[in-house]
Amino acid sequence: MPTSIEEIGGPSLPGSHYRRYHLSSYATLYEALGGAEAIRDLVNRFYPKVQAHPLLAPLFPEDIVPVMEKQILFLTQFLGGPSLYSDEYGHPMMRARHLPFPITPERAAAWLDCMSAALVELSVPEPLRKLTIERLSGPANHFVNTDSDPSAQ
Ligand code: HEM
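First, a word on scope: everything that follows refers to the structure included in this document. In this text the structure is predicted, and so the values were computed from the model without any measurement.

**Quick look at the site of the ligand**
Line of reasoning, step 1. Taken together, 22 residues sit near the ligand, with L59, F74, A108, W111 and A140 positioned nearest.
Line of reasoning, step 2. Going through the elements one at a time, helix 4 (65-78), helix 6 (94-98), helix 7 (105-121) and helix 8 (128-142) are the ones with two or more residues in the shell around the ligand.
Line of reasoning, step 3. Per-element accounting of the shell around the ligand gives the leading share, five residues, to helix 4.
Line of reasoning, step 4. When grouped by side-chain class, the residues that make up the shell around the ligand number 17 nonpolar, two polar and three charged.

In structure tokens, the structure reads:
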């Protein structure tokens, strides 16, 4: 029986992030993805895609850094890591926080596509990639609050 991440291999190993990785060895997606550093890498890859996406870019402020910082805190907690977002901002109320923005089904799909592309770029293997996207699909679809964006017509 492996007793440590070093023995079974895992994201903490140098070289390939996910060499000899065993999903069943991790209690949470946060750990399986590689913990704090991996969440930061993911967010750093994700937002440039959001900012380049024609459906998503118009919703976000030019200075994306504060959004990135909040997303690092939130994804950490949402994927099973420490409750960094709630410690700082209280109850997430994420659907409510998204209500000011017209989130269509197409925008939810675009958000998930950007996340998927970021996971691919970081060489996150299957089934971990699929599981992460499945986990994020719940909130993404839940945040849909309109069928169409009136300002885009
Ligand atoms: C469904 C498609 C989504 C769209 C179009 C979207 C869009 C946005 C926008 C426009 C903001 C505000 C940026 C600002 O501060 O001006 C925001 C904030 C945020 N979003 Fe999303 N989002 C989506 C899905 C998600 C999902 C699935 C998550 C997490 C699982 C998430 C987590 C966050 C967080 C943590 C913030 C910062 C909240 C705060 O102000 O404290 N979003 N999002």
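**Let's talk about unusual backbone geometry**
Line of reasoning, step 1. In this chain, E126 is followed by P127 through a cis amide linkage whose omega measures 5 degrees.
Line of reasoning, step 2. Topologically, P127 is positioned in the loop between helix 7 and helix 8.
Line of reasoning, step 3. Phi is positive for M93, which is not a glycine, with a value near 40 degrees.
Line of reasoning, step 4. Turning to its location among the elements, M93 is positioned in the loop between helix 5 (84-89) and helix 6.
Line of reasoning, step 5. When the 10 C-beta atoms within 10 Å are taken as the criterion, M93 is described as exposed.
Line of reasoning, step 6. Phi is positive for S123, which is not a glycine, with a value near 60 degrees.
Line of reasoning, step 7. As for its position among the elements, S123 is in the loop between helix 7 and helix 8.
Line of reasoning, step 8. The class for S123 is exposed, based on 10 C-beta atoms found within 10 Å.

What counts and what doesn't
- Residues numbered from 1 in each chain as written.
- Predicted model: local features only at pLDDT ≥ 70, side-chain atom pairs only at ≥ 80, totals over all residues.
- Near = placed C-beta within 6 Å.
- Helix = DSSP H or I, 4+ residues; strand = E, 2+ residues; numbered from the N terminus.
- Nonpolar A, V, L, I, M, F, W, Y, C, P; charged D, E, K, R; others polar.
- Buried ≥ 20, exposed ≤ 12 C-beta atoms within 10 Å, placed from the backbone.

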